[in-house]
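A look at the structure
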Amino acid sequence: MTIAPPAAIADLEDLIAALPAEAHAAATRLYQISTTTGRLDPPEEMTAWIERLFGSVAAVREQRIVRVTDLVTLEGALFNELRARRPMEVRDTTEVRRTIEEAQGDPFCRPETGTPADTFGRVRGERSVTAANIAKYDGYHGVIVFDEHDPLAPVDEDALRDHLATGRRWAAQALEADPGARYWFLMWNCLWRAGGSIVHAHMQMTTTRGMHYPKVEALRRAANAYAERSGHDYFEDVWSVHRALGLGIEAGRTRAFASIVPVKEREVWVIGRPGEDEAVLAPGIARVLAAYRALGVVAFNMAVYVPPLAPDGEDWRRFPPIARVVDRGDPANKTSDIGAMELYAASVIASDPFRVADALGR
Ligand SMILES: [Zn+2]
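Here we summarise the structure given alongside this text. Everything numeric in this text was worked out from a predicted model, so none of it was measured.

1. Some points on the side chain of His141
Mapped onto the fold, His141 is located in strand 5 (residues 140–146). You can call His141 buried: its relative accessible area is 0%. A polar side-chain atom of His141 sits 2.8 Å from the main-chain amide nitrogen of Tyr137. Those residues within four positions of His141 in sequence are excluded, and the remaining contacts are Ala131, Ala132, Asn133, Ala135, Lys136, Trp170, Gln204, Met205 and Thr206.

2. Looking at the environment of Ala7
Tracing the backbone through its elements, the reader meets Ala7 in the segment before helix 1 (12–17). C-alpha of Ala7 to C-alpha of Arg127: the two residues are 120 residues apart in sequence and 40 Å apart in space. Among all residues touching Ala7, those that are not within four sequence positions of it are Leu15, Phe354 and Arg355.

3. Regarding the coordination of the zinc ion
Distances from the zinc ion to its protein donors, Asp106 (OD), Cys109 (SG), His149 (ND1) and His200 (ND1), fall within 2.0 to 2.2 Å. Seen from the zinc ion, its four donor atoms lie at angles of 94 to 130 degrees, and the figure they make is tetrahedral. One chain supplies every donor to the zinc ion, and in sequence these donors are spaced D-x2-C-x39-H-x50-H. Taken together, the residues span a long stretch of sequence, with Cys109 in the loop between helix 6 (94–102) and helix 7 (111–114) and His149 in the loop between strand 5 and helix 8 (157–177) at a distance of 40 residues. By relative accessible area, Cys109 is classed as partly exposed at 33%.

4. Details of the sheet that holds strand 2 (residues 62–70)
An order of 1-2-3-13 is seen for the four strands of this open sheet, with the pairing classed as mixed. Because the sheet does not close on itself, it has two edges, and the strands there are strand 1 (31–39) and strand 13 (347–349). This sheet shows a mean twist of 20 degrees between the axes of neighbouring strands, independent of strand direction. Where strand 2 lies against strand 3 (residues 76–80), five bridges are found, and the strand directions are antiparallel. Along strand 3, the bridge assignment pairs Ile65 with Asn80.

Thresholds, definitions, all that
- Residues numbered from 1 in each chain as written.
- Predicted model: local features only at pLDDT ≥ 70, side-chain atom pairs only at ≥ 80, totals over all residues.
- Heavy atoms only, no water.
- Helix = DSSP H or I, 4+ residues; strand = E, 2+ residues; numbered from the N terminus.
- Buried < 20%, exposed > 50% of the residue type's maximum accessible area, 1.4 Å probe, protein only.
- Polar contact = N/O pair within 3.5 Å; in protein donor to acceptor, adjacent residues only side chain to side chain.
- Contact = heavy atoms within 4.5 Å.
- Donors = N, O, S within 2.8 Å, 3.2 Å for Na, K, Ca; no water.
- Tetrahedral: all angles 85-135°; square planar, octahedral: opposite > 155°, others 65-115°.
- Pairing = 2+ DSSP bridges.
- Axes fitted to C-alpha atoms, helices over the stretch in contact; angles between N-to-C directions.

See below:
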């Protein structure tokens, strides 16, 4: 008996072709997938260096590249087999941990005097208190300042549920203060590598007017247009394809999956059902954070998408609560993970979603 090698993103076309009929049909509706081979011819002098980095010259001479485009949202990713097969670099977090330790006593350690309050006051959670951001992204821009300083301290399901509830209570107060700002956006920039300017553990949130932020509104419109032309639900289809590929897990009432069209490394989506609020996402997000710890991820972003706080006359009936979580790489690395490809073309991905799913515990 032979043991099949573990599924790999380089074989995505074959894996999709082998899916059961229903999941295969959904994959065909949702994605365009193509595989190409990049070739090069290295000089002798590079052999030792190539072998050290990539294992063999043959591995770099021909490299498979899988390109995935989501036909509904027109987001895309390029996976290079060679990059994906490299062993995960062991991140030395000594320097990061020292920086975190040195930041002890920062303004977020004493939020009452170190941070401004919103005009409606502060919202207190069991493990946090809110503050107003000093330089605002939008009319209301708050911070959920965790009691715990260390941004690398584990955040479990209960803590997440508390932070999400604190954010929701803040949003309700902001809505009362400005009933026109119906759209709430919750985010988490963990460490400077992920855009966090304060080391102390915290999330942020805004409310905005007119329409939801363009990326959220674009997703709503794309999903509704897809339902109209295909008769299928976008989020159900995305889940069915990822589950059939072995990329998804269920946690509580949520579904979490390592995306085949990630915005950047190791992106995991956590989705509930339409009509539910973000509280249901806590068990799923907790699983993602646990997987990230196991994978050595320290800098990450999270975004939570939910329908407006009050009806806006648009159709949000198909829109579930969604959390997107993405690894931003090694804080010690001076090379940015985002370049012109990511900003202007498609995301170039070095990690294999199937290995992320392994860590999620599928
Ligand atoms: Zn602190």
